[in-house]
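Each chain, written out:
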Amino acid sequence: MNKMGKWAAGIAAAALLAGGSAVFYGEGVKTVAAASAPAGAVIELRDIGGHWAESAIRGAISKQYVDGYQDGTFLPDRQVSRAEFVKMAAAALKLTVSGNTTGSDWYQAYVNAAVGAGVHKWSDFASGDWSTPMKRSEMSRMAVRAAGQDTEDDLEWMYLATKAGLIQGVDATGNLDVDGTTTRAQAVTIIERILAVKEGRGEEVAKQADKRAVSRAEVLWHKTNLESMLDGDYIDVAGTPEKDRFQPKRMVAEAYNGNIKGWGEGLFIIDLDDSNDPYKHLLAEGKVYSVTRNNDSVNTSYLELPNGNAYVVLSVSTVQMIKNPDDFDLKFLGTSYLSTMFGFNYDSETLHN
């Protein structure tokens, strides 16, 4: 069985909480006494000045759902375990916590509270335990639910979280780092955004969304960033319900009595004027693309493009040939697959500002 290469066509740490208790890393997780502070007081910590999350950390401390350590540090870049995050979230959201909060299973009461409030589900974690470092993908689930949304699609959580402005990328290109662990600084930043949404400031939070992270999250969800790049305005597809468009299960086509199969790897809208566009690396360096700008089609090199919001729509698919038919045209086949997989013939569509 011969496998063709990919075909591309383009136009296209621990938490110190209210009550004076803290969780420290060491042999397991344990609680120790901590100096208390007056209600609403913001303790001066020697390691948060100039930190990117300084404002969020100060806001969290003032709300008393997290605190600094006795040595005057906050350790903003220390990892947070699942147990520590759920305790922070439960305290910040003022969930009803009942039961034992000391001993080796001190976190169980907070977990129960989160489950009862619909913030966590017992099936959320496929492996590990509550001492396992909290992944960003896992945090997205709790954040989205705490902010009042839900989904049955496991791949949609990060999209909902980024679109709502709850989670942003970890670099200039919007890298999601879905399997990366969560730090104390990241944890309180996300929780502060959740609280803002709960206070009715959801639109304000959403305006701060990282557009590149949203683009990446949509591709993670269903292999295209059309919705995020077109700001929700889908290309009309002959009455196809919006929920059924651009689903991975539809991105498969078969021809020639099963001798040739193809599937879509992705359909990407690339902003040629954005030097940090997360998918610009898919374009062949130095290649000249035909783009539409101000309703006029022009040939231009994306490396030398002047300002003006021009886009390339790039489809990437894989074709697998089981038996080579006569008079086979790979380019034509790929174009046909696009029409089948994505629900429209891209040759007849243009994008312009």
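This is a predicted model, so every value here is computed, not measured. (Residues numbered from 1 in each chain as written. Predicted model: local features only at pLDDT ≥ 70, side-chain atom pairs only at ≥ 80, totals over all residues. Heavy atoms only, no water.)

**Considerations on the pairing of strand S9 (residues 311-321)**
The test is simple: Categorising residues by exposure relies on relative accessible area from a 1.4 Å probe, with only protein chains included: less than 20% of the type maximum marks a residue as buried, more than 50% marks it as exposed, and the intermediate range marks it as partly exposed. Comment: elements are numbered from the N terminus, with helices defined as DSSP H or I runs of at least four residues and strands as E runs of at least two. Only when DSSP finds a minimum of two bridges between them are two strands counted as paired.
For S9, the buried fraction is high: ten of the eleven residues fall into the buried class. Here eleven bridges tie strand S6 (residues 260-271) to S9, and the two strands are oriented antiparallel to one another. Directly across from Trp 263, in S9, lies its bridge partner Thr 318.

**A word on the packing of helix H2 (residues 82-92) against helix H3 (residues 108-116)**
To keep things clear, this is the line we draw: Each axis is a line fitted through C-alpha atoms, and for a helix only the stretch in contact is used; angles between axes span 0 to 180 degrees, taken between their N-to-C directions. In these notes the angle categories are as follows: under 35 degrees is roughly parallel, over 145 is roughly antiparallel, 65 to 115 is roughly perpendicular, and the rest is oblique. Working rule for handedness: look at the near helix, and if it is turned counterclockwise from the far one by less than a right angle, call the crossing left-handed; if clockwise, right-handed. Residues count as neighbours in contact if any of their non-hydrogen atoms are within 4.5 Å of one another. Amino acids are sorted into nonpolar (Ala, Val, Leu, Ile, Met, Phe, Trp, Tyr, Cys and Pro), charged (Asp, Glu, Lys and Arg) and polar (every other residue, Gly among them).
As a packed pair, H2 and H3 sit with axes 9 Å apart at the nearest point and diverge in direction by 60 degrees. Here H2 lies oblique to H3, going by the angle between them. Pair H2 / H3 crosses with left-handed handedness. From H2, Val 86, Lys 87 and Ala 90 reach across to H3, where they touch Tyr 110, Val 111 and Ala 114. A class-by-class count of the residues in the contact of H2 with H3 yields five nonpolar, no polar and one charged.

**Notes on the confidence of the model for the protein**
In plain terms, the rule: By definition, pLDDT measures how confident the predictor is in each residue, and it falls between 0 and 100.
Mean pLDDT for the protein: 75, with 65% of residues reaching 70 or above. Segment residues 1-42: pLDDT under 50, and 123 contacts once partners within four positions in sequence are set aside and those in other chains are kept. Here residues 334-353 is modelled with pLDDT under 50, and outside its nearest four sequence neighbours on either side it reaches 56 contacts, counting other chains as well.

**Topic: the pattern of salt bridges**
Quick note on the threshold: We count a salt bridge whenever a side-chain nitrogen from Lys or Arg sits within 4 Å of a carboxyl oxygen from Asp or Glu.
Here the structure, examined in full by the defined rule, presents twelve salt bridges. A salt bridge links Asp 179 to Lys 135, with the shortest nitrogen-to-oxygen separation between them at 3.9 Å. With Asp 179 in the loop between helix H5 (157-163) and helix H6 (184-198) and Lys 135 in the loop between H3 and helix H4 (136-146), this residue pair connects regions lying 44 residues apart in the sequence. What makes Asp 179 exposed here is its relative accessible area of 55%. Residue Lys 135 is classed as partly exposed on the basis of its relative accessible area, which comes to 31%. In this structure, Arg 141 and Asp 154 form a salt bridge, with 3.2 Å as the shortest nitrogen-oxygen distance. Taken together, the positions of Arg 141 in helix H4 and Asp 154 in the loop between H4 and H5 put the pair 13 residues apart, joining distant regions of the chain.

**Some words on the packing of aromatic side chains**
For any two aromatic rings, the description comes down to two numbers: the centre-to-centre distance and the angle of the planes. Let me state the cut-off plainly: Geometry of aromatic contacts follows a simple scheme: Phe, Tyr and Trp rings, the Trp one being its six-membered ring, pair when their centres are within 6.5 Å, and the pair is stacked under 30 degrees between planes, edge-to-face over 60, tilted otherwise. Sitting over a ring, as applied to charges here, requires NZ of Lys or CZ of Arg to be within 6 Å of the ring centre and within 35 degrees of the ring normal.
Scanning the entire structure with this criterion turns up six aromatic pairs. Summarising the aromatic geometry, the rings of Phe 125 and Trp 130 are spaced 5.2 Å apart at their centres and angled 75 degrees between planes, so their arrangement reads as edge-to-face. Residue Phe 125 shares its accessibility class with Trp 130, and that shared class is buried. Linked through ring pairs, Trp 106, Tyr 107, Tyr 110, Phe 125 and Trp 130 together constitute an aromatic cluster. Above the face of the Phe 125 ring, Arg 82 is positioned so that its terminal group lies 3.9 Å from the ring centre.

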